[in-house]
Amino acid sequence: MKAIELKDVIKSFNGHVAVNNLTLSVPKGSVYGFIGPNGSGKTTTLRMIMNILYPDSGEIRIFDEPISRPGIDRIGYMPEERGLYKRMKVRDLLQFFGELKNGKNVRAQVDQWLERLDLNDWADKKIETLSKGMSQKVQFIATVVGQPELVLLDEPFTGLDPVNTDVIKDAILEFQAQGATVIFSTHDMSMAEKMCDFIFMIFKGNKVLDGTLSSIQDTYGSDTIRVRAEKGACILQDIAGVEKVNDFGQMQEVRMRAGSDPHRILSEIMLRTRVSSFDIVKPSLHDIFVRIAGPEAGGT
Amino acid sequence: MRKTLKLATREYKAAVRTKGFIIGLVLAPLVMGGSLIAFALLKDRVDTKDKTVVIIDRSGVLAEALIEAAEHRNKEEIYQAETGKKIKPAYYFEMVEPDDEDPRAQRLELSDRVRNVDFHAFVEIGPDVIHPGEKSEASRISYYAKNAAMDNVRQWMSWPINNHLRKLRLADAGIDESEVEDLFYWVNVDGLGLVTVDEATGDIQEAKRASEFEAILIPIILMMLLFLMIMMSVPGMLHSVMEEKTQRIAEVLLGSIKPFEFMMGKLLGGVGVSLTSSAVYVIGGIFVVRSMGFEEYIPFHVLPWFFAYMLMAIIMFGAMAAALGSVCSEAKDAQSLTFPSILPAIVPMFIYFPVVLEPVSGFSTWMSLIPLFTPTLMVLRLGTPEMIPAWQPYVGLVGVLLFTFLFVWAGGRIFRVAILMQGTPPKLTNIFRWAVRG
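Everything numeric in this text was worked out from a predicted model, so none of it was measured.

Novice: Teacher, can you tell me more about the overall build of chain B here?
Specialist: Each helix and strand counted, chain B has 15 helices and 6 strands in total. Its C-alpha atoms give chain B a radius of gyration of 31 Å, more than 25% over the compact-globule value 22 Å for 438 residues. Its C-alpha atoms give chain B principal-axis dimensions of about 95 × 65 × 50 Å. Within the span of chain B, comprising 438 residues, buried residues form 44% of the whole.

Here it is, written out as structure tokens:
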């Protein structure tokens, strides 16, 4: 069963094509990551799934049915720009959003979530008294309090500290364990790599990646070397077979030219300096993202 | 519908549970009726400083009579009977000899003395004032003061002067005043309504005495109350939508409800707030008027129309205000669009006076059938004692209903497109395009 299915979807704004002929299929029960540079069409796609924006052409199906209000009610949506009624009390606000979503037994759910996200002491406080991190957690609860079967989260980890990031991450994975489908957009590539069953990348309105992490990496092959060596990146620049060096300070990521031999590269490095580690790996999602959307590809 | 009501309930609670609502409830009528209230409170606070007026009596027959009348007034009219407190200024008249050689120089000298506050004013009585005939210049009475147009002394002296002139003219005609005692008796024309029949008993009911309060003040109060309700809710609607858009609440809500439900929820919440406010004013007003013994003046037959038109007006103007609020991305956009959003409700305020004076004239009828003006002007007309043709309020209501549907429909289309747009300043062409094309 498909949670979401988009077929040849096109959406333009004043002549600018925001989403171009997008076809996408999100299996039920999966965690699907949407990545892409700012302005590439992620939010527009999510808004079309929520029926907030209407596609110019193409078809969108939710749980194998055309978009309908009952279908939308099965989705929890957290937009990129957070918005809460500042003068409402936390519990009242969550109850309001839960009931607006046709949620059952909302009051009990609200209490459970407040307990779980450590917001019990703030339940009767007004939203305007909360910190940014707490507001974000409240926003997350507002999204999930109706027990949706599909959750759309537009950049859910932005602005969260590591502790709260883990809290939200655990909640997402628990949702999945309970059978729900989660789609989230993110600029945090490592989070996408670690959490997502499938990754979808959109660039300038076009789908450029779609699949599991390993299938995406397989298309690039093992063309990356991670090196820890004395003297750092400067000794790697002019080695034959090295296409690009990405310097992380303590470690360098080297992209090899097609057909290059990693052992020759290792030998050359060892002639120049001492090497403490050398791994031949598939490119990271971060690297793939940059290859597609970075300056070298003529992107942003 | 359930979601719309859910949002409307939230909007209603958010509005009426604030201190601002209570304060607004008290302050709004004070602001709107401030001048009337101030007039009522301050009407007895007159300047009781005595006033002296100099008379140049070229006729030689009026000054004495005027001085005598002023003395009588100062003795009988300026003190409160029960307390003896002075409540009006005394008027004193002093005669000066007319300067026949250079009257203009005399007028200038007296004017300078008025400027120096030596006395309040001076009055010049022409020589032929008893028998004016063709000689209008010589028969004139001229009053010179800093603000002669609004001068109480000038207004008061007309009666004693004319009264004495009539006596002098009678004497000249050889008629003894005592033989025609009723000569100066002034008869007023009483204003009455129409005679009716008691439907229960069949008895003829005497006509009610007509009053300005009933003819003008009651309809104006009803109309102003409706206008007040519009003013309390419509600009607030625009700003509330703009805030929810700029604070990004709108998109969160749109994840659960349709844009049209969103707009209707806000509108119904606004209607609820207006109904609450108006119910407080109407019930409170009825209570106060009854306690003052003026129950007969309460226009109960107009109240259903009042609430029906108010409901339509709030939805009609509110829908457009919500749509305009949705195109605003910042506070200054909202400020510039607030006036256009309430303009259709303000226009009837410029034309209400001829309407209340002639509620069944062609002008009044047609203006009150223009749907944007109908709520306020039809309530105004219905509040007068005049019999408005029975079909007109119904036709007016149908027109308002159609316009309300049109505004809600167009507003909903604008709202849906504009609510998620950020950073685009509102342009009239865009607003029309969104309304037409969606």
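From this point, things continue past the structure.
Novice: So what exactly am I meant to see when it comes to the pairing of strand β4 (residues 57-62) of chain A here?
Specialist: Strand residues, when the strand is regular, have side chains that alternate between the two faces of the sheet. Residue and element names in this part refer to chain A. Both strand β1 (residues 2-13) and β4 contribute to a ladder of 5 bridges, which runs antiparallel. Within β4, the position partnered with Glu-5 by the bridge is Arg-61. Sheet topology places β4 next to strand β5 (residues 65-66); 2 bridges connect them, and they run antiparallel. Looking across to β5, one finds that Ile-62 is bridged to Glu-65. The antiparallel hairpin formed by β4 and β5 contains 2 residues in its connecting segment, where Phe-63 sits at a positive phi of about 50 degrees.

Novice: Got a minute to help me understand the sheet that holds strand β3 (residues 31-35) of chain A in this structure?
Specialist: To summarise the sheet geometry, strands pair through backbone hydrogen bonds and adopt either a parallel or an antiparallel arrangement. All names here are of chain A. Pairing is mixed in the open sheet, where 6 strands are placed in the order β6-β7-β8-β3-β9-β10. For this open sheet the edge positions go to β6 (75-78) and β10 (206-211), each flanked by a neighbour on one side alone. Taken pair by pair, the neighbouring strands of this sheet meet at an average axis angle of 15 degrees, ignoring direction. The pairing of β3 with strand β8 (residues 181-185) spans 4 bridges and is classified as parallel. Along β8, the bridge assignment pairs Tyr-32 with Ile-183. Seen against the sheet, helix α8 (residues 213-220) touches β9 (198-203) and β10 and runs at an angle of roughly 110 degrees to β10. Packing of helix α10 (residues 285-293) onto the sheet brings it into contact with β3, β9 and β10, and relative to β9 it is tilted by some 20 degrees.

Novice: Just to check I follow, could you spell out a positive patch on the surface for this structure?
Specialist: A cluster of like positive charges, contributed by Lys86(A), Arg87(A), Lys89(A), Lys126(A), Lys13(B), Arg17(B) and Lys19(B), occupies part of the molecular surface. Mapped onto the elements of the fold, Lys19(B) is located in helix α2 (residues 19-32). By relative accessible area, which is 70% here, Lys19(B) ends up exposed.

Novice: Please explain the packing of aromatic side chains as it appears in this structure.
Specialist: In this description, a pair of aromatic rings is defined by centroid distance and the angle of the planes. This model, assessed by the stated rule, comprises 16 aromatic pairs over all chains. Judged by centre distance (4.7 Å) and plane angle (65 degrees), the rings of Phe34(A) and Phe200(A) are edge-to-face. Remark: Phe200(A) occurs in strand β9 and Phe34(A) occurs in strand β3; sequence separation between them is 166 residues. Of the two residues, Phe34(A) and Phe200(A), both sit in the buried class. Positioned over the ring face of Trp122(A) is Lys125(A), at 5.7 Å from the centre of the ring. When the ring centre of Trp156(B) is taken as reference, the NZ or CZ atom of Arg73(B) above it lies at 5.9 Å.

Novice: Sorry, what's going on with the sheet that holds strand β4 (residues 141-144) of chain B here?
Specialist: All names here are of chain B. Across the sheet, 4 strands lie side by side as β2-β1-β3-β4; this open sheet has mixed pairing. The open sheet has two edge strands with one neighbour each: β2 (91-96) and β4. Taking the axes of each pair of neighbouring strands and ignoring which way they run, one obtains an average angle of 25 degrees across the sheet. In this sheet, β2 lies alongside strand β1 (residues 51-57) in parallel orientation, the contact comprising 6 bridges. From the neighbouring strand, Val-54 faces β2, where its bridge partner is Glu-94. Running over the sheet, helix α4 (residues 63-76) touches β1 and β2 and is turned about 160 degrees from β2. With respect to the sheet, helix α6 (residues 152-172) is in contact with β1, β2, β3 (121-125) and β4, its orientation differing from that of β2 by roughly 75 degrees.

Thresholds, definitions, all that
Residues numbered from 1 in each chain as written. Chains lettered and ligands numbered in written order. Predicted model: local features only at pLDDT ≥ 70, side-chain atom pairs only at ≥ 80, totals over all residues. Heavy atoms only, no water. Helix = DSSP H or I, 4+ residues; strand = E, 2+ residues; numbered from the N terminus. Rg over C-alpha atoms; globule rule 2.2 N^0.38 Å. Buried < 20%, exposed > 50% of the residue type's maximum accessible area, 1.4 Å probe, protein only. Pairing = 2+ DSSP bridges. Axes fitted to C-alpha atoms, helices over the stretch in contact; angles between N-to-C directions. Contact = heavy atoms within 4.5 Å. Patch = residues over 30% accessible without salt bridge, like charges linked within 9 Å, V, L, I, M, F, W, Y side chains within 5 Å. Areas by Shrake-Rupley, 256 points an atom, 1.4 Å probe, with all protein chains shown as cover. Salt bridge = Lys/Arg side-chain N within 4 Å of Asp/Glu carboxyl O. Lys, Arg positive; Asp, Glu negative; His and termini not counted. Charge placed at Lys NZ, Arg CZ, Asp CG, Glu CD. Phe/Tyr/Trp six-rings, centres within 6.5 Å; stacked < 30°, edge-to-face > 60°. Lys NZ or Arg CZ within 6 Å of the ring centre and 35° of its normal.

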